[in-house]
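Fold and contact review
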Amino acid sequence: MKKNVHTAGKSRKQKKIMLLLLELLIILLLAIALFITTKLSKIEKNKLDMNDVSINDDLSDETKEAMAHYKTIALFGLDNRSNGSLSQGNSDVIMLANIDTKQHTINLVSVYRDSYLDTGNGTYQKCNAAYAKGGPEQALSMLNTNLDLAITDYVTVDFNAIIECVDLLGGVDITITDDEASLMIGYMKELNELTGHNSTPPASGGTYTLDGVQACAYARIRYGGGGDDYRRTERQRTVLTAMMQKAQKSNILTLNKLINAAFGDIQTSFSNTDLLALATKVFSYDIGDTTGFPYEKTTHKYDKIGDVVIPCDLASNVTQLHQFLFNDENYTPSATVLSNSQQIISNTGYKQGDGH
């Protein structure tokens, strides 16, 4: 009988220990949840009015099926120092981040900000005007209707966040040319004045670990020996890729600092739950191929809207885009894209075969 009492007492002690461990686990999980929620609350959330986001209703079932296991997100970069808002302004950077959930890769496409497209209601101009005219809803509509996409989520970042993040990552390793080193000087002077940094330009071409100001200046080069807007978008993708690769290798302390510094300069349509689900995937994915859109293009200067990038023609360029993004060799442009393509030809006189 004594043995049974002893056993019962031992069993009660084990239960108490188990309950205590369970309570500690619950407290730990609640603390982690509170920590994550507090961090994510720094990001400005913007619930999109989906009635204002257009998706072509004449997308074929085959096109929808080809896009099914991909998640395409629009990335916008703003210089909002003049208005302090992430909901308005010209989007100087427009990218498509295409997540392949089967291959675990992310492909990046830069849509040239001066691309001559329908920005809404049949108004053809530089596509970066869509964000300024109607915020992210109109910018997404512009991408969807011109490119036969079905994007419903976006992330907008202010340039200042790029500088802070690169610095916290300890810089990014990038090879630059002599011309790029020279052209970075002017951009760096402006950025130093705006941010209070005292970064110095590289003396010449070579491979450097660029700090935040240097990396941002490098990504903003547009004219002169650094090439045109096409080369500029290549540099933007180079910086973003280098940042993502370095962040994937960073420790928790560095990632925490990144969150504290950058999340206040971000606006997104994603909820906290969506962001958590996305983060667990993205950090295990590889950066795949990168490219710029349109592929076949020419430039022309108009009195009212300035230099534009004209797709030659839109329909054939969108076909190449779907092959790149979704490996869709059987894609057929929708009637909407064909109509927009014909309108661009009518407005500009440039057709397929006139580009480079």
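Right, let's walk through the structure included here. (Residues numbered from 1 in each chain as written. Predicted model: local features only at pLDDT ≥ 70, side-chain atom pairs only at ≥ 80, totals over all residues. Heavy atoms only, no water.)

Within the chain one finds eleven helices and 13 strands. Taking all 356 residues of the chain together, 47% fall into the buried category. Nonlocal contacts in the chain, meaning residues at least 24 apart in sequence, comprise 73% of its contacts between residues at least 6 apart. Accessible area of the chain: about 17900 Å², with a carbon and sulfur share of 53%. (Helix = DSSP H or I, 4+ residues; strand = E, 2+ residues; numbered from the N terminus. Buried < 20%, exposed > 50% of the residue type's maximum accessible area, 1.4 Å probe, protein only. Contact = heavy atoms within 4.5 Å. Areas by Shrake-Rupley, 256 points an atom, 1.4 Å probe, with all protein chains shown as cover.)

Quick look at the environment of S115 now. Mapped onto the secondary structure, S115 falls in the loop between β4 (105-111) and β5 (116-118). Placed 194 residues apart in sequence, S115 and V309 show a C-alpha to C-alpha distance of 4.4 Å. In this structure S115 touches Q125, K126, C127, F293, P294 and V309, once residues within four positions along its chain are discounted.

On to the pairing of β4, then. A large share of β4 lies buried, amounting to six of its seven residues. Sheet topology note: the strand β3 (residues 91-100)/β4 ladder contains six bridges and is antiparallel. Within the sheet, the bridge partner assigned to L96 lies in β4 and is V109. Of the pairings in the sheet, the one linking β4 to strand β11 (residues 286-293) comprises six bridges and is parallel in character. (Pairing = 2+ DSSP bridges.)

Backbone hydrogen bonds hold the strands of a sheet together, and the pairing may be parallel or antiparallel. Pairing in this open sheet of seven strands is mixed, and the strands run β1-β10-β7-β2-β3-β4-β11 from one edge to the other. Either end of the sheet is taken by a strand with one partner, and the two such strands are β1 (44-45) and β11. Its contacts with the sheet put helix α10 (residues 314-326) on β2 (70-78), β3, β4 and β11, and the angle it makes with β11 is roughly 175 degrees. (Axes fitted to C-alpha atoms, helices over the stretch in contact; angles between N-to-C directions.)

Topologically, T319 is positioned in helix α10. Within the structure, T319 has its side chain in polar contact with the backbone oxygen of A315 (distance 2.9 Å). In this structure, T319 is in contact with Y331 and P333, ignoring residues within four places of it in sequence. (Polar contact = N/O pair within 3.5 Å; in protein donor to acceptor, adjacent residues only side chain to side chain.)

Another point: the packing of helix α4 (residues 159-168) against helix α6 (residues 212-220). In contact at an axis separation of 7 Å, α4 and α6 are set at 135 degrees when each is read in the N-to-C sense. In this view, α4 runs oblique relative to α6, as classed from their interaxial angle. Of the two elements, α4 crosses α6, and the hand of that crossing is right-handed. The residues of α6 that touch α4, namely those facing F159, I163, V166 and D167, are G212, V213, A215, C216 and R220. (Parallel < 35°, antiparallel > 145°, perpendicular 65-115°, else oblique. Left-handed = near helix turned anticlockwise from the far one by under 90°.)

By size, the foremost hydrophobic cluster in this structure holds 40 residues, and its most contacted members are F76, L96, V111, L140, L143, L147 and F293. Taken together, the elements giving at least two residues each to this core come down to β2, β3, β4, β5, α3 (129-147), β13 (306-311), α10 and α11 (335-348). Sort the elements by how many residues they give to this core and α3 lands first, with seven residues. Contacts of L140, omitting those with residues within four sequence positions, involve L48, V53, A74, F76, I151, T152, D153 and Y154. (Core = buried A, V, L, I, M, F, W, Y, C linked by side-chain atoms within 4.5 Å.)

Within this structure, the stated rule accounts for six aromatic pairs. Relative to Y131, the ring of F76 has its centre 5.1 Å away and its plane inclined at 65 degrees; by these criteria the two rings are edge-to-face. One end of the pair, F76, is in strand β2; the other, Y131, is in helix α3, with 55 residues separating them in the sequence. Of the two residues, F76 and Y131, both sit in the buried class. Ring pairing ties together the aromatic residues F76, Y131 and Y154, which thus form one cluster. If you follow R235 out to its NZ or CZ, it ends over the ring of Y218, 5.9 Å from the centre. (Phe/Tyr/Trp six-rings, centres within 6.5 Å; stacked < 30°, edge-to-face > 60°. Lys NZ or Arg CZ within 6 Å of the ring centre and 35° of its normal.)

Our focus in this paragraph is α6. Among the nine residues that make up α6, nine are buried, leaving the element largely enclosed by the rest of the structure. Listing the buried residues of α6 in full gives G212, V213, Q214, A215, C216, A217, Y218, A219 and R220. For α6, the N-terminal cap is D211; the gap from its side-chain oxygen to the backbone nitrogen of V213 is 3.2 Å.

If you trace the backbone, V109 turns up in strand β4. Looking at V109, the relative accessible area reads 0%, which means it is buried. Counting along the chain gives 15 residues from V109 to I94, while the straight-line C-alpha distance between them is 8.5 Å.

What the rule picks out here adds up to seven salt bridges. A salt bridge links D114 to K126; the shortest N-O distance between them is 3.9 Å. Residue D114 is found in the loop between β4 and β5, and its partner K126 is found in strand β6 (residues 124-126); the two are separated by twelve residues along the sequence. Looking at K126, the relative accessible area reads 22%, which means it is partly exposed. Here E180 makes a salt bridge to R235, at a shortest N to O gap of 2.9 Å. In this pair, E180 sits in helix α5 (residues 178-195) while R235 sits in helix α7 (residues 229-248), placing the two residues 55 residues apart along the sequence. Neither E180 nor R235 differs from the other in exposure class; each is buried. (Salt bridge = Lys/Arg side-chain N within 4 Å of Asp/Glu carboxyl O.)

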